[in-house]
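# Tertiary structure, described
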Amino acid sequence: MSNKKRHYSIFRPPSLAMTELVKTTLDHDSTDMLIDKWLEHRNNGLDAYHEWFRDVREKRHAHAVSHKHQIIAWNKGEFVPENVFCRTVDTGRLIPLDRTWTTHVYHHYSMSERKLSMMPVVFTMLPELMILRGMHDTGCDEIYVIVTDLKRQEMDDVTEYFKLACRYGFGRACKPSLERYLLYEHMRLSHTLVRQRRTPCFPQIDLTLRAILYEKKPPFVILFSHQTTSYSQIFFTDPSYVPDEEIFYDYPTGCPNPCCTDDCELIRFPRCGTESATILEVRTKRKRRRAQPRQMCNWINCDVVFTDDSALSTTTSDVNEILTNGNHKRTYGQLCSKCRLVKYCSPEHQREDWEEHRRVCVKPAM
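Numbering of residues starts from 1 in every chain and runs along the sequence as written. With the structure being a predicted model, the display of local features is reserved for residues of pLDDT at least 70 and the display and counting of side-chain atom pairs for 80 or more, all residues being used for whole-chain, interface and lining totals. Hydrogens and water are ignored here; the side-chain numbers use all heavy atoms of the structure.

What follows concerns the overall build of the protein chain. Working definition: helices are DSSP H or I runs of at least four residues, strands are E runs of at least two. Numbering for both runs from the N terminus. On a plain count of helices and strands, the protein chain comes out with 10 helices and 15 strands. Partly exposed residues are those whose accessible area sits between 20% and 50% of the maximum for their type, while under 20% is buried and over 50% is exposed, using a 1.4 Å probe and protein chains only. Evaluated residue by residue, the protein chain yields a buried proportion of 51% over its 366 residues. The long-range share in the protein chain, meaning contacts at least 24 apart out of those at least 6 apart in sequence, stands at 70%. Each accessible area is a Shrake-Rupley estimate made with a 1.4 Å probe; only the visible protein chains count as cover when residues are assessed. Summed over all atoms, the accessible surface of the protein chain reaches about 18700 Å², with 49% contributed by carbon and sulfur. Residues count as neighbours in contact if any of their non-hydrogen atoms are within 4.5 Å of one another.

What follows deals with the nonpolar core. Residues Trp-52, Phe-53, Ile-72, Val-145 and Phe-220 are the most contacted members of the largest nonpolar core, which totals 48 residues. Elements with a contribution of two residues or more to this core: α1 (28–42), α2 (48–59), α4 (119–123), α5 (126–134), β6 (142–148), β7 (220–225), β8 (232–236) and α9 (245–248). In terms of residues, this core owes the most to one element, α5, which gives 5 residues. Those residues in contact with Phe-53, other than ones at most four positions away along the chain, are Ile-72, Trp-74, Phe-79, Val-84, Leu-97 and Ile-131. Among the nonpolar cores identified, the runner-up in size contains 33 residues, and Leu-21, Phe-162, Leu-178 and Leu-209 belong to it. Throughout this description, the term nonpolar core refers to a set of buried Ala, Val, Leu, Ile, Met, Phe, Trp, Tyr and Cys residues connected via side-chain atoms within 4.5 Å.

Oppositely charged side chains can form a pair if their charged atoms are brought close together. A pair is scored as a salt bridge if a Lys or Arg side-chain nitrogen falls within 4 Å of a carboxyl oxygen belonging to Asp or Glu. The tally for this structure, following the rule as stated, stands at 15 salt bridges. A salt bridge links Glu-185 to Arg-188; the nearest nitrogen and oxygen atoms lie 2.9 Å apart. Here Glu-185 pairs with Arg-188, and both are found in helix α7 (residues 176–195), just 3 residues apart, close to one helical turn. With a relative accessible area of 13%, Glu-185 lands in the buried category. The closest approach of N and O atoms between Glu-355 and Arg-358, which form a salt bridge, is 3.7 Å. Look at Glu-355 and you get exposed, because its relative accessible area is 56%.

On to the sheet that holds strand β2 (residues 72–73), then. Only when DSSP finds a minimum of two bridges between them are two strands counted as paired. Strands sit in the order β2-β3-β4 across an open sheet of 3 strands; the sheet is antiparallel. Each edge of the open sheet carries a strand with a single partner, namely β2 and β4 (94–96).

Counting through the fold element by element, Leu-207 comes out in helix α8 (residues 202–215). You can call Leu-207 buried: its relative accessible area is 3%. With 194 residues separating them along the chain, Leu-207 and Pro-13 place their C-alpha atoms 8.6 Å apart.

What follows concerns the packing of helix α6 (residues 152–168) against α8. Each axis is a line fitted through C-alpha atoms, taken for helices only over the stretch in contact, and angles between the N-to-C directions span 0 to 180 degrees. Here α6 crosses α8 at 45°, and the two axes come no closer than 12 Å. Looking at the two axes, α6 sits oblique to α8. Taken as a pair, α6 and α8 cross one another with a handedness that is right-handed. Each of Val-158, Tyr-161, Phe-162 and Cys-166 in α6 lies in contact with α8, whose residues at this interface are Phe-202, Ile-205, Asp-206, Leu-209, Arg-210 and Leu-213. Its residues assigned to classes, the contact of α6 with α8 shows 8 nonpolar, no polar and 2 charged. If an angle is under 35 degrees, it is roughly parallel; if it is over 145, roughly antiparallel; if it lies from 65 to 115, roughly perpendicular; otherwise it is oblique. In this scheme the crossing of two helices becomes right-handed for a clockwise turn of the near helix relative to the far one and left-handed for an anticlockwise turn of less than a right angle. Put simply, Ala, Val, Leu, Ile, Met, Phe, Trp, Tyr, Cys and Pro go in the nonpolar bin, Asp, Glu, Lys and Arg in the charged bin, and everything else, Gly too, in the polar bin.

With that out of the way, let us pick up the packing of aromatic side chains. Side-chain rings of Phe, Tyr and Trp, where Trp is taken by its six-membered ring, are said to pair if the distance between their centres is within 6.5 Å; with planes under 30 degrees apart they count as stacked, over 60 as edge-to-face, and otherwise as tilted. The full count for this structure, using the stated rule, is 16 aromatic pairs. Geometrically, the ring pair formed by Phe-162 and Phe-235 is edge-to-face, given 5.8 Å between the ring centres and 75° between the ring planes. With Phe-162 in helix α6 and Phe-235 in strand β8, the pair connects residues that are 73 residues apart, well separated along the chain. Across the pair, Phe-235 and Phe-162 agree in class, each one buried. A connected cluster of aromatic rings, assembled from ring pairs, spans Trp-38, Tyr-49, Trp-52, Phe-53, Trp-74, Phe-79, Phe-248, Tyr-251 and Phe-269. Lysine and arginine charges are scored as sitting over a ring when NZ or CZ, respectively, is within 6 Å of the ring centre and within 35 degrees of the ring normal. The residue whose ring lies beneath Lys-217 is Tyr-214, and the NZ or CZ to ring-centre distance is 5.8 Å.

Quick look at helix α10 (residues 347–357) now. His-349, Asp-353 and His-357 are the residues of α10 that are buried. In an axial view of α10, the angular spread of the buried residues amounts to 70°, which keeps them on one side of the axis. Away from its buried face, by an angle of more than 90 degrees, α10 presents the exposed residues Arg-351, Glu-352 and Glu-355. Taken together, the buried residues of α10 touch β15 (343–344). The arc refers to the directions leading from the helix axis to the C-beta atoms.

In structure tokens form, the structure reads like this:
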């Protein structure tokens with residue numbers, strides 16, 4: 001084993017072992033408790049998110065009849081996560097929002113010394129986390145958050161820096177002029193945050209965020225700010241992970257003041273799709289595998305992947321195996337004959353999934 005110490009560089013992949021930020025982990029039970037608390041708050045009748053979900057239920061988006069597009073479906077029952085379903089972007093399944101997650105919160109040590117809880121950090125963006133978690137069948141059991149106290153302009157500058165730095169901050173060669181520009185921006189941001197007494201310092205933010213991207217490869221990372229005049233930024237790692245603008249164009253800003261405009265937002269949720277989303281184009285020396293969206297059997301315990309032309313299949317019970325690719329059998333599937341929103345590889349798996357699917361299965365609105 002090498003005794004060499006790894007040194008921090010903005011042009012080399014960092015390691016989470018190098019970070020000086022404190023990590024606080026909120027497990028699934030903590031997430032369940034926060035969701036219950038949020039539902040109690042919603043029952044007061046003052047929650048804009050509940051109104052948005054109710055509007056989605058009434059609209060029944062026209063493109064929701066497709067078994068491939070992103071959708072949010074609340075078709076039956078009261079407003080609870082197990083009755084609200086979301087189309088996953090990685091497997092094409094329609095799953096409820098009641099699947100919890102573990103949140104890893106990285107923050108400055110002074111917050112631990114003051115015994116500040118990280119529960120409010122997650123609670124302030126809980127609806128967004130529920131949707132982003134629901135959009136991913138795999139790879140989203142753990143969510144990563146970095147807590148800062150950046151103001152709005154500082155968050156804007158940091159965002160622009162990471163959009164450029166992630167292309168060349170993992171060992172990929174760049175032109176000398178671009179290298180000098182990145183060094184200059186890194187020094188400028190570092191001095192600005194030190195002068196404004198921001199915590200954590202910018203090198204620690206940069207090191208931790210890039211280490212998470214390099215080692216954990218999550219669908220997204222959140223740079224949280226508890227400044228009331230700022231916002232929290234979501235960094236997506238692939239365009240396919242971004243919420244669909246046809247659904248989320250009128251998503252609430254999270255600000256409790258009804259007189260505020262869209263510019264006043266607690267978390268910058270992309271309402272205009274990839275146009276407004278912050279997507280980090282991570283480039284390394286080795287070719288990174290791009291996200292490969294698949295269409296899978298809707299039963300959660302099945303690993304069958306459908307071929308692209310399986311969309312032409314009918315609701316008949318005929319299932320034809322094409323080939324085997326790893327552990328996934330690529331076959332023609334059958335649509336649910338009632339809602340036509342999900343596909344199954346066999347009638348047996350459709351029956352297995354019915355206990356969950358029955359909560360969302362209704363005939364399409366004309």
